[in-house]
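Observations on the model geometry
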Amino acid sequence: MKRFQENYQSYFEQLFRDAPETAEDVADQLCTVATYVWFKRFTPNLEPVIESELPRAAYFIDFLTQNPVVSSERRKELNAALDMAVSRLSNVPKENETLESFIKGEPQKKKNRDQLAAKWHLGKGMPFGKVPELLNLQRRANLQKQVS
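Quick caveat, the model's predicted, so the values are computed rather than measured.

On to the packing of helix α3 (residues 54-65) against helix α4 (residues 72-90), then. At their nearest, the axes of α3 and α4 sit 10 Å apart, and the two run at 155° to each other. By the angle between their directions, the pair α3 and α4 is classed as roughly antiparallel. Judged by the twist between their axes, the crossing of α3 over α4 is left-handed. Along the contact surface, α3 presents Leu54, Pro55, Ala58, Ile61, Asp62 and Thr65, while α4 presents Arg75, Leu78, Asn79, Leu82, Ala85, Arg88 and Leu89. Residues of the contact of α3 with α4, tallied by class, amount to eight nonpolar, two polar and three charged.

Listed below in structure tokens is the structure:
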């Protein structure tokens, strides 16, 4: 199992090495990470994620954590990883804090209504409408939980 966790971690780090150009470019990878987190008990280590990409990685894990398919025990595990990200981000001076979008180059709205994105210092969150595969995976996960 440890070998699989290491592979999942490598995959996660690769995904958050650079800001994605479009949502469509990373849709499959986001779904894969969601599957790892929701069904394979993968808890990402955010320590190796470079500082400039940490808000995106933390935002996505926080999003996954809020899904009802995540048990309270798993939520605690995932929140522990997110606490480390909060600690690292709190060390970034405010003048160095940039409000980028989850997707590189996505235009930001004047008022960011995405509270989760604001929490992670992103000017705009993930455009989930452009990643229907992730929403479908989320629906299937919740249906599966209701059946079991």
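Another point: the environment of Leu134. Looking at the element boundaries, Leu134 is found in helix α6 (residues 132-147). On the basis of relative accessible area, Leu134 is assigned to the buried category, the value being 0%. Residues Leu134 and Thr32 lie 102 residues apart in sequence; the distance between their C-alpha atoms is 9.1 Å. Residues within four places of Leu134 in sequence aside, it is in contact with Leu30, Cys31, Ala34, Phe60, Phe63 and Phe128.

With that out of the way, let us pick up the environment of Thr65. Within the secondary structure layout, Thr65 lies in helix α3. Separated by 27 residues in the primary sequence, Thr65 and Trp38 have C-alpha atoms spaced 8.5 Å apart. In contact with Thr65, other than residues within four places in its own chain, are Val70, Arg75, Leu78, Asn79 and Leu82.

Rules behind the numbers
- Residues numbered from 1 in each chain as written.
- Predicted model: local features only at pLDDT ≥ 70, side-chain atom pairs only at ≥ 80, totals over all residues.
- Heavy atoms only, no water.
- Axes fitted to C-alpha atoms, helices over the stretch in contact; angles between N-to-C directions.
- Helix = DSSP H or I, 4+ residues; strand = E, 2+ residues; numbered from the N terminus.
- Parallel < 35°, antiparallel > 145°, perpendicular 65-115°, else oblique.
- Left-handed = near helix turned anticlockwise from the far one by under 90°.
- Contact = heavy atoms within 4.5 Å.
- Nonpolar A, V, L, I, M, F, W, Y, C, P; charged D, E, K, R; others polar.
- Buried < 20%, exposed > 50% of the residue type's maximum accessible area, 1.4 Å probe, protein only.

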